[in-house]
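Here's the letter readout for the chains.
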Amino acid sequence: MKIHSNHSLKALNTFGIDVVANQFFTAKSRKDLIKVAKTYRASNTFVLGGGSNILLTRNISKFVVHNQIKGIEIEKEEQDHVVVKFGAGEVWHDCVLWAIKNDYGGIENLSLIPGYMGAAPIQNIGAYGVELKDVFESLDLIRLDAIKAESYDKEACKFGYRDSIFKSALKGKFCISHVYLKLTKNNHQINISYGAITSSLAEKGITQPSIKDISDVVIAIRKSKLPDPKEIGNSGSFFKNPVLSKEKFLKLREKYPDVVFYEQADDTIKIPAGWLIEKCGWKGRKVGNTGTHINQALVLVNYGGASGEEVKQMALKIQDSVQKKYDVLLEMEVNIV
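Residues numbered from 1 in each chain as written. Predicted model: local features only at pLDDT ≥ 70, side-chain atom pairs only at ≥ 80, totals over all residues. Heavy atoms only, no water.

**Details of the pairing of strand β19 (residues 299-302)**
Line of reasoning, step 1. Neither face of β19 is left uncovered, since the one carrying Val299 and Val301 and the one carrying Leu300 and Asn302 both have all their residues buried.
Line of reasoning, step 2. Where strand β13 (residues 233-237) and β19 come together, three bridges link them in antiparallel fashion. Bridge assignment links Ser237 to a residue of β19, and that residue is Val299.
Line of reasoning, step 3. Where strand β18 (residues 290-292) folds back onto β19 in an antiparallel hairpin, the turn is made up of six residues. (Buried < 20%, exposed > 50% of the residue type's maximum accessible area, 1.4 Å probe, protein only. Helix = DSSP H or I, 4+ residues; strand = E, 2+ residues; numbered from the N terminus. Pairing = 2+ DSSP bridges.)

Here it is in C-alpha coordinates:
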(Lines give C-alpha, C1' and ligand atoms only; values in the text may rest on other atoms or scores of the structure.)
Protein backbone atom coordinates (compact mmCIF):
# COMPACT_ATOMS: atom_id res chain seq x y z
CA MET A 1 0.00 0.00 0.00
CA LYS A 2 1.47 3.31 -1.11
CA ILE A 3 0.37 5.82 1.50
CA HIS A 4 0.84 9.58 1.13
CA SER A 5 1.16 11.88 4.14
CA ASN A 6 -0.30 15.40 4.39
CA HIS A 7 -1.92 15.02 0.97
CA SER A 8 -3.84 18.03 -0.39
CA LEU A 9 -7.51 17.37 -1.19
CA LYS A 10 -8.06 20.66 -3.00
CA ALA A 11 -8.19 19.00 -6.43
CA LEU A 12 -10.38 16.18 -5.13
CA ASN A 13 -13.42 18.19 -4.05
CA THR A 14 -15.45 20.27 -6.49
CA PHE A 15 -15.75 23.17 -4.04
CA GLY A 16 -11.95 23.48 -4.30
CA ILE A 17 -11.55 23.72 -0.52
CA ASP A 18 -7.89 23.56 0.48
CA VAL A 19 -7.63 20.94 3.23
CA VAL A 20 -5.23 18.04 3.68
CA ALA A 21 -5.49 14.35 4.58
CA ASN A 22 -3.05 13.17 7.22
CA GLN A 23 -2.82 9.87 5.33
CA PHE A 24 -4.07 9.22 1.79
CA PHE A 25 -4.38 6.04 -0.28
CA THR A 26 -5.76 5.33 -3.78
CA ALA A 27 -7.81 2.11 -3.98
CA LYS A 28 -7.96 0.50 -7.41
CA SER A 29 -9.49 -2.89 -6.56
CA ARG A 30 -11.63 -4.77 -4.05
CA LYS A 31 -8.43 -6.28 -2.66
CA ASP A 32 -7.21 -2.76 -1.87
CA LEU A 33 -10.44 -2.06 0.04
CA ILE A 34 -10.13 -5.27 2.04
CA LYS A 35 -6.55 -4.33 2.98
CA VAL A 36 -7.78 -0.96 4.20
CA ALA A 37 -10.61 -2.56 6.18
CA LYS A 38 -8.23 -5.01 7.86
CA THR A 39 -5.69 -2.34 8.71
CA TYR A 40 -7.74 0.71 9.63
CA ARG A 41 -11.37 -0.38 10.18
CA ALA A 42 -14.35 1.89 9.59
CA SER A 43 -13.87 4.19 12.57
CA ASN A 44 -10.51 5.35 11.24
CA THR A 45 -11.37 5.48 7.52
CA PHE A 46 -12.81 8.21 5.30
CA VAL A 47 -13.88 7.22 1.76
CA LEU A 48 -13.62 9.89 -0.94
CA GLY A 49 -14.93 9.56 -4.50
CA GLY A 50 -15.30 12.46 -6.89
CA GLY A 51 -15.79 14.98 -4.07
CA SER A 52 -18.80 16.46 -5.87
CA ASN A 53 -21.30 16.32 -3.02
CA ILE A 54 -19.16 17.23 -0.07
CA LEU A 55 -18.07 20.34 1.81
CA LEU A 56 -14.79 19.90 3.67
CA THR A 57 -14.58 22.23 6.66
CA ARG A 58 -11.37 20.87 8.21
CA ASN A 59 -8.30 18.73 7.63
CA ILE A 60 -9.04 14.99 7.66
CA SER A 61 -7.27 13.13 10.45
CA LYS A 62 -8.70 9.76 9.37
CA PHE A 63 -7.12 7.52 6.72
CA VAL A 64 -8.54 8.85 3.41
CA VAL A 65 -9.28 6.24 0.73
CA HIS A 66 -9.75 7.63 -2.77
CA ASN A 67 -11.96 5.18 -4.67
CA GLN A 68 -10.55 4.67 -8.17
CA ILE A 69 -12.00 1.27 -9.04
CA LYS A 70 -12.56 1.37 -12.81
CA GLY A 71 -14.22 -0.77 -15.45
CA ILE A 72 -17.41 -1.05 -17.51
CA GLU A 73 -18.66 -4.44 -18.69
CA ILE A 74 -21.87 -6.22 -19.68
CA GLU A 75 -23.00 -8.46 -16.81
CA LYS A 76 -26.21 -9.83 -18.37
CA GLU A 77 -28.00 -9.28 -21.66
CA GLU A 78 -31.67 -9.93 -22.46
CA GLN A 79 -33.87 -9.12 -25.45
CA ASP A 80 -34.94 -5.69 -24.21
CA HIS A 81 -32.51 -4.94 -21.37
CA VAL A 82 -28.88 -5.11 -20.45
CA VAL A 83 -27.33 -5.16 -16.97
CA VAL A 84 -24.05 -3.24 -16.91
CA LYS A 85 -21.38 -3.50 -14.21
CA PHE A 86 -19.66 -0.18 -13.51
CA GLY A 87 -16.59 0.39 -11.35
CA ALA A 88 -17.39 2.78 -8.50
CA GLY A 89 -14.46 5.00 -9.50
CA GLU A 90 -15.84 5.69 -12.98
CA VAL A 91 -16.93 9.28 -13.64
CA TRP A 92 -20.75 9.30 -13.73
CA HIS A 93 -21.13 11.44 -16.86
CA ASP A 94 -18.62 9.28 -18.74
CA CYS A 95 -20.84 6.29 -17.92
CA VAL A 96 -23.88 8.13 -19.29
CA LEU A 97 -22.03 8.94 -22.52
CA TRP A 98 -20.90 5.30 -22.81
CA ALA A 99 -24.50 4.11 -22.43
CA ILE A 100 -25.77 6.53 -25.08
CA LYS A 101 -22.97 5.56 -27.48
CA ASN A 102 -24.10 1.94 -27.14
CA ASP A 103 -27.81 2.89 -27.38
CA TYR A 104 -28.59 1.81 -23.81
CA GLY A 105 -31.34 3.94 -22.31
CA GLY A 106 -32.45 4.99 -18.84
CA ILE A 107 -29.85 7.45 -17.58
CA GLU A 108 -29.84 10.09 -20.34
CA ASN A 109 -31.83 12.52 -18.14
CA LEU A 110 -29.00 12.29 -15.60
CA SER A 111 -26.39 13.65 -18.01
CA LEU A 112 -23.67 15.99 -16.69
CA ILE A 113 -24.31 15.25 -13.00
CA PRO A 114 -20.85 15.53 -11.41
CA GLY A 115 -19.24 12.81 -9.32
CA TYR A 116 -18.38 9.14 -9.49
CA MET A 117 -20.57 6.09 -10.05
CA GLY A 118 -20.04 4.94 -6.46
CA ALA A 119 -21.74 8.04 -5.08
CA ALA A 120 -24.82 7.69 -7.31
CA PRO A 121 -26.67 5.11 -5.17
CA ILE A 122 -25.61 6.73 -1.89
CA GLN A 123 -27.33 9.93 -2.93
CA ASN A 124 -29.93 8.29 -5.18
CA ILE A 125 -29.05 11.00 -7.68
CA GLY A 126 -31.85 12.42 -9.76
CA ALA A 127 -32.72 15.10 -12.30
CA TYR A 128 -35.44 15.96 -14.81
CA GLY A 129 -37.93 13.32 -13.69
CA VAL A 130 -35.51 10.40 -13.30
CA GLU A 131 -33.73 8.94 -10.27
CA LEU A 132 -30.98 6.34 -10.06
CA LYS A 133 -33.34 3.86 -8.37
CA ASP A 134 -35.35 3.73 -11.62
CA VAL A 135 -32.51 1.79 -13.31
CA PHE A 136 -30.72 0.35 -10.29
CA GLU A 137 -30.16 -3.41 -10.15
CA SER A 138 -27.67 -3.95 -7.29
CA LEU A 139 -24.24 -3.00 -5.95
CA ASP A 140 -21.20 -4.64 -4.38
CA LEU A 141 -19.42 -3.16 -1.39
CA ILE A 142 -16.84 -3.91 1.26
CA ARG A 143 -17.97 -3.51 4.86
CA LEU A 144 -15.12 -1.65 6.51
CA ASP A 145 -16.49 -2.37 9.98
CA ALA A 146 -16.86 -6.12 9.47
CA ILE A 147 -14.19 -6.78 6.81
CA LYS A 148 -16.49 -8.61 4.42
CA ALA A 149 -17.94 -8.27 0.93
CA GLU A 150 -21.69 -7.78 0.55
CA SER A 151 -24.21 -7.18 -2.24
CA TYR A 152 -27.31 -4.96 -1.96
CA ASP A 153 -30.38 -5.06 -4.19
CA LYS A 154 -32.80 -2.16 -4.65
CA GLU A 155 -34.92 -3.04 -1.61
CA ALA A 156 -31.90 -3.35 0.68
CA CYS A 157 -30.66 0.11 -0.36
CA LYS A 158 -33.83 1.76 1.04
CA PHE A 159 -33.83 4.51 -1.56
CA GLY A 160 -35.63 7.78 -0.85
CA TYR A 161 -35.47 11.33 -2.18
CA ARG A 162 -31.70 11.93 -2.37
CA ASP A 163 -31.39 9.29 0.32
CA SER A 164 -30.44 5.67 0.99
CA ILE A 165 -29.37 3.32 3.77
CA PHE A 166 -25.80 4.45 3.10
CA LYS A 167 -26.56 7.88 4.53
CA SER A 168 -28.07 6.46 7.72
CA ALA A 169 -27.59 2.95 9.14
CA LEU A 170 -24.46 2.20 7.07
CA LYS A 171 -22.95 5.67 7.07
CA GLY A 172 -19.16 5.50 7.35
CA LYS A 173 -19.13 1.69 7.44
CA PHE A 174 -18.65 0.76 3.77
CA CYS A 175 -16.99 1.39 0.44
CA ILE A 176 -18.81 0.57 -2.80
CA SER A 177 -16.76 -1.27 -5.42
CA HIS A 178 -19.26 -1.83 -8.26
CA VAL A 179 -22.73 -0.70 -9.30
CA TYR A 180 -25.07 -2.65 -11.61
CA LEU A 181 -27.63 -0.77 -13.71
CA LYS A 182 -30.43 -2.26 -15.81
CA LEU A 183 -30.71 -0.24 -19.02
CA THR A 184 -33.03 -0.57 -22.00
CA LYS A 185 -31.85 -1.92 -25.37
CA ASN A 186 -35.12 -1.44 -27.22
CA ASN A 187 -38.27 0.61 -26.70
CA HIS A 188 -36.52 3.26 -24.63
CA GLN A 189 -38.79 4.98 -22.11
CA ILE A 190 -38.24 8.62 -23.10
CA ASN A 191 -38.97 11.00 -20.21
CA ILE A 192 -39.73 14.61 -21.15
CA SER A 193 -41.94 15.35 -18.14
CA TYR A 194 -39.94 18.45 -17.21
CA GLY A 195 -41.04 21.49 -19.22
CA ALA A 196 -37.54 22.71 -19.97
CA ILE A 197 -36.81 19.52 -21.89
CA THR A 198 -40.08 19.69 -23.83
CA SER A 199 -39.57 23.33 -24.84
CA SER A 200 -35.92 22.78 -25.78
CA LEU A 201 -36.86 19.87 -28.04
CA ALA A 202 -39.61 21.96 -29.62
CA GLU A 203 -37.15 24.77 -30.36
CA LYS A 204 -34.97 22.24 -32.19
CA GLY A 205 -37.99 20.86 -34.09
CA ILE A 206 -37.50 17.39 -32.57
CA THR A 207 -40.79 15.52 -32.22
CA GLN A 208 -39.49 11.99 -31.73
CA PRO A 209 -36.38 12.40 -29.55
CA SER A 210 -33.71 9.75 -29.19
CA ILE A 211 -31.88 9.15 -25.90
CA LYS A 212 -29.01 11.21 -27.34
CA ASP A 213 -31.40 14.08 -28.08
CA ILE A 214 -32.53 14.01 -24.44
CA SER A 215 -28.95 13.92 -23.20
CA ASP A 216 -27.91 16.82 -25.45
CA VAL A 217 -30.83 18.94 -24.26
CA VAL A 218 -30.18 18.16 -20.58
CA ILE A 219 -26.50 19.02 -20.97
CA ALA A 220 -27.39 22.35 -22.58
CA ILE A 221 -29.93 23.17 -19.85
CA ARG A 222 -27.52 22.29 -17.05
CA LYS A 223 -24.72 24.33 -18.62
CA SER A 224 -27.02 27.35 -18.89
CA LYS A 225 -28.06 27.15 -15.24
CA LEU A 226 -25.21 25.58 -13.30
CA PRO A 227 -21.58 26.69 -13.05
CA ASP A 228 -18.77 24.37 -14.11
CA PRO A 229 -16.80 23.29 -10.98
CA LYS A 230 -13.63 23.51 -13.06
CA GLU A 231 -14.26 27.23 -13.45
CA ILE A 232 -15.78 28.10 -10.08
CA GLY A 233 -15.91 25.86 -7.02
CA ASN A 234 -19.33 24.40 -6.21
CA SER A 235 -21.18 21.18 -5.47
CA GLY A 236 -24.27 21.79 -7.54
CA SER A 237 -27.54 21.96 -5.63
CA PHE A 238 -26.69 22.63 -2.00
CA PHE A 239 -30.17 22.02 -0.57
CA LYS A 240 -32.87 19.45 -1.23
CA ASN A 241 -36.21 20.63 -2.58
CA PRO A 242 -38.53 20.55 0.45
CA VAL A 243 -41.55 18.25 0.31
CA LEU A 244 -44.61 19.48 2.19
CA SER A 245 -47.87 17.91 3.25
CA LYS A 246 -50.86 19.19 1.30
CA GLU A 247 -52.18 20.88 4.44
CA LYS A 248 -48.96 22.81 5.05
CA PHE A 249 -48.66 23.71 1.37
CA LEU A 250 -52.18 25.17 1.24
CA LYS A 251 -51.35 27.40 4.20
CA LEU A 252 -48.16 28.51 2.46
CA ARG A 253 -49.94 29.22 -0.83
CA GLU A 254 -52.62 31.21 0.96
CA LYS A 255 -49.91 33.56 2.20
CA TYR A 256 -47.76 33.40 -0.96
CA PRO A 257 -50.03 32.75 -4.00
CA ASP A 258 -47.11 32.89 -6.44
CA VAL A 259 -45.29 29.93 -4.88
CA VAL A 260 -43.93 27.45 -7.44
CA PHE A 261 -44.82 23.84 -6.71
CA TYR A 262 -44.96 20.30 -8.09
CA GLU A 263 -47.58 17.76 -7.02
CA GLN A 264 -46.15 14.34 -6.11
CA ALA A 265 -47.65 10.89 -6.59
CA ASP A 266 -48.05 10.41 -2.83
CA ASP A 267 -50.21 13.56 -2.51
CA THR A 268 -47.36 15.66 -1.12
CA ILE A 269 -46.10 18.89 -2.70
CA LYS A 270 -42.50 19.64 -3.69
CA ILE A 271 -41.33 23.27 -3.57
CA PRO A 272 -38.18 24.32 -5.48
CA ALA A 273 -35.59 25.29 -2.87
CA GLY A 274 -34.03 27.69 -5.39
CA TRP A 275 -37.30 29.65 -5.59
CA LEU A 276 -37.47 30.01 -1.80
CA ILE A 277 -33.84 31.09 -1.58
CA GLU A 278 -34.19 33.58 -4.43
CA LYS A 279 -37.32 35.11 -2.88
CA CYS A 280 -35.34 35.65 0.32
CA GLY A 281 -32.89 37.81 -1.64
CA TRP A 282 -29.94 35.44 -1.83
CA LYS A 283 -29.62 34.87 -5.59
CA GLY A 284 -26.26 36.15 -6.86
CA ARG A 285 -25.35 37.48 -3.43
CA LYS A 286 -21.69 37.45 -2.45
CA VAL A 287 -20.43 37.32 1.14
CA GLY A 288 -16.67 37.34 1.53
CA ASN A 289 -15.19 34.60 -0.66
CA THR A 290 -18.43 32.70 -1.06
CA GLY A 291 -21.96 33.33 -2.33
CA THR A 292 -24.83 31.98 -4.41
CA HIS A 293 -24.52 31.67 -8.16
CA ILE A 294 -25.90 34.50 -10.27
CA ASN A 295 -28.02 32.13 -12.37
CA GLN A 296 -29.13 29.65 -9.69
CA ALA A 297 -29.74 30.55 -6.06
CA LEU A 298 -29.61 26.87 -5.09
CA VAL A 299 -25.90 26.68 -5.90
CA LEU A 300 -23.36 27.96 -3.37
CA VAL A 301 -19.97 28.82 -4.84
CA ASN A 302 -16.36 29.38 -3.83
CA TYR A 303 -15.19 32.56 -5.55
CA GLY A 304 -11.63 31.69 -4.57
CA GLY A 305 -9.96 31.16 -1.24
CA ALA A 306 -13.13 30.38 0.69
CA SER A 307 -12.83 27.99 3.61
CA GLY A 308 -15.33 25.19 4.08
CA GLU A 309 -16.48 26.80 7.32
CA GLU A 310 -17.16 30.06 5.47
CA VAL A 311 -19.42 28.26 2.98
CA LYS A 312 -21.12 26.36 5.80
CA GLN A 313 -21.94 29.55 7.71
CA MET A 314 -23.51 31.10 4.62
CA ALA A 315 -25.60 27.95 4.11
CA LEU A 316 -26.83 28.21 7.70
CA LYS A 317 -27.82 31.85 7.17
CA ILE A 318 -29.78 30.93 4.03
CA GLN A 319 -31.45 28.08 5.89
CA ASP A 320 -32.41 30.40 8.74
CA SER A 321 -33.84 33.15 6.49
CA VAL A 322 -36.01 30.69 4.52
CA GLN A 323 -37.35 29.14 7.69
CA LYS A 324 -38.19 32.53 9.20
CA LYS A 325 -40.01 33.76 6.09
CA TYR A 326 -41.74 30.60 4.87
CA ASP A 327 -41.65 28.28 7.90
CA VAL A 328 -39.90 25.71 5.69
CA LEU A 329 -36.68 24.05 6.82
CA LEU A 330 -34.26 23.45 3.95
CA GLU A 331 -32.31 20.23 4.30
CA MET A 332 -28.73 20.30 3.06
CA GLU A 333 -28.07 17.93 0.18
CA VAL A 334 -24.31 18.37 0.40
CA ASN A 335 -22.50 16.31 3.05
CA ILE A 336 -20.60 18.53 5.48
CA VAL A 337 -17.41 17.13 7.01
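That was the structure; now back to the text.
**Some thoughts on the layout of surface pockets**
Line of reasoning, step 1. If you add up the space inside the second largest pocket, you get close to 260 Å³.
Line of reasoning, step 2. Lining of the second largest pocket is provided by 16 residues; of these, Gly106, Asp134, Val135, Thr184 and Gln189 occupy positions nearest its centre.
Line of reasoning, step 3. Put simply, the parts of the chain that give the lining of the second largest pocket at least two residues each are β10 (136-143) and β12 (174-184).
Line of reasoning, step 4. The element best represented in the lining of the second largest pocket is β12, accounting for three residues.
Line of reasoning, step 5. A breakdown of the residues in the lining of the second largest pocket according to their chemical character gives four nonpolar, eight polar and four charged. (1 Å grid on protein atoms, 1.4 Å probe; cavity = no way out; pocket = protein on both sides within 12 Å on 5 of 7 lines; lining within 4 Å. Points joined across faces, edges and corners; volume = space filled by probe spheres on them. Nonpolar A, V, L, I, M, F, W, Y, C, P; charged D, E, K, R; others polar.)

**Notes on the sheet that holds strand β17 (residues 286-287)**
Line of reasoning, step 1. Across the sheet, four strands lie side by side as β13-β19-β18-β17; this open sheet has antiparallel pairing. Every interior strand has two partners, whereas the edge strands, β13 and β17, have only one.
Line of reasoning, step 2. Packed onto the sheet, helix α9 (residues 308-326) meets β17, β18 and β19 and runs at close to 35° relative to β18. (Contact = heavy atoms within 4.5 Å. Axes fitted to C-alpha atoms, helices over the stretch in contact; angles between N-to-C directions.)

**A few points about the sheet that holds strand β16 (residues 269-270)**
Line of reasoning, step 1. Here we have three strands laid out as an open sheet, ordered β14-β16-β15, and antiparallel in their pairing. The outermost strands of the open sheet, each flanked by one partner alone, are β14 (243-244) and β15 (262-263).
Line of reasoning, step 2. Examined bridge by bridge, β14 and β16 share two bridges and lie antiparallel to one another. Looking at the pairing, Leu244 lines up with Ile269 of β16.

**Comments concerning the pairing of β10**
Line of reasoning, step 1. Judged by how many residues are buried, β10 sits mostly within the fold: seven of eight residues are covered.
Line of reasoning, step 2. By the bridge criterion, seven bridges tie β10 to β12 in an arrangement that is antiparallel. Bridging from a neighbouring strand, Ser138 pairs with Tyr180 of β12.
Line of reasoning, step 3. Where β10 meets strand β11 (residues 148-153), six bridges bridge the pair, whose relative direction is antiparallel. Considered in β11, the bridge of Leu139 is made with Tyr152.
Line of reasoning, step 4. Where β10 hands over to β11, the hairpin turn is made up of four residues, of which Ile147 adopts a positive phi near 55°.

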